Structure formats: C-alpha cells, structure tokens
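What follows is each chain in one-letter form.
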Amino acid sequence: MEAFVSRFAHLQDTLGDKLLPAYLAALGERKGALLDNLDRAERLELVPSADE
C-alpha cells in the first residue's frame, strides 16, 4: 500500500509540475504556479474541478 501511495503522489507531482504546464504552453496559455495552472485547466475544461 505504501508503494502505491508513493507512486500515486509521484504521478500527481509529475502531472502538476511538468505535463500540465507543457500542455498549457502548447495551447498558448501562459504558465504560472500550480494553482494558477489548475484554474486555467478548469477554465479550459481539462479538469472537472480545480478544487477537487
């Protein structure tokens, strides 16, 4: 269970730190802090809710 939680946390970090900013940049959006990127992703309907 501990290994699963660790890998899931690493996946979330990778998505938030690398994939999401790169995707937003490809769309012509400016990159910012993680919370700003999540808000932009929600506005673009890439994620259902930035709060969750």
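Values in this document were obtained by computation on a predicted structure and should not be read as measured data.

Asker: Would you mind going over unusual backbone geometry with me for this structure?
Answerer: Excluding glycine, a negative phi dihedral is what most residues carry, and trans is how most peptide bonds are arranged. Positioned with a positive phi, Glu45 is a non-glycine residue whose angle comes to about 60 degrees. Among the secondary structure elements, Glu45 is positioned in the segment after helix H2 (34-43).

Asker: Please explain a negative patch on the surface as it appears in this structure.
Answerer: A surface patch of negative charge is lined by Asp36, Asp39, Glu42, Asp51 and Glu52. Relative accessible area serves as the criterion here: at 83%, Glu52 is assigned to the exposed category.

Asker: Which parts of the structure should I look at to understand the pattern of salt bridges?
Answerer: Working definition: two side chains of opposite charge can pair if their charged atoms are close together. Counting across every chain of the model gives one salt bridge. As a salt-bridge pair, Glu29 and Arg43 come within 3.3 Å of each other at their nearest N and O atoms. Residue Glu29 is found in the loop between helix H1 (2-26) and H2, and its partner Arg43 is found in helix H2; the two are separated by 14 residues along the sequence. Residue classification places Glu29 among the partly exposed residues on the basis of a relative accessible area of 24%. The exposed category is assigned to Arg43, whose relative accessible area is 52%.

Asker: Looking at this structure, how should I read H2?
Answerer: A turn of α-helix holds 3.6 residues, and therefore any two residues three or four places apart point the same way. Turning to H2, its buried residues are Asn37, Arg40 and Ala41. The arc enclosing the buried residues of H2, seen along the axis, measures out at 100 degrees, which places them on a common side. Counted as exposed and oriented over 90 degrees from the buried face of H2: Leu35 and Arg43. Glu45 lies just past H2 and shows a positive phi near 60 degrees.

Asker: I would appreciate a short explanation of the side chain of Arg40 in the present structure.
Answerer: By the secondary structure assignment, Arg40 is in helix H2. Salt bridges are absent for the buried Arg40, whose nearest opposite-charge side chain, Glu29, sits at 4.1 Å. Among the polar contacts made by the side chain of Arg40, one reaches the main-chain carbonyl oxygen of Arg30 at a distance of 3.4 Å. Contact partners of Arg40, with chain neighbours within four places excluded, come to Leu24, Glu29, Arg30, Lys31 and Gly32.

Basis of the calculations
Residues numbered from 1 in each chain as written. Predicted model: local features only at pLDDT ≥ 70, side-chain atom pairs only at ≥ 80, totals over all residues. Heavy atoms only, no water. Helix = DSSP H or I, 4+ residues; strand = E, 2+ residues; numbered from the N terminus. Patch = residues over 30% accessible without salt bridge, like charges linked within 9 Å, V, L, I, M, F, W, Y side chains within 5 Å. Areas by Shrake-Rupley, 256 points an atom, 1.4 Å probe, with all protein chains shown as cover. Salt bridge = Lys/Arg side-chain N within 4 Å of Asp/Glu carboxyl O. Lys, Arg positive; Asp, Glu negative; His and termini not counted. Charge placed at Lys NZ, Arg CZ, Asp CG, Glu CD. Buried < 20%, exposed > 50% of the residue type's maximum accessible area, 1.4 Å probe, protein only. Arc of directions from axis to C-beta. Polar contact = N/O pair within 3.5 Å; in protein donor to acceptor, adjacent residues only side chain to side chain. Contact = heavy atoms within 4.5 Å.

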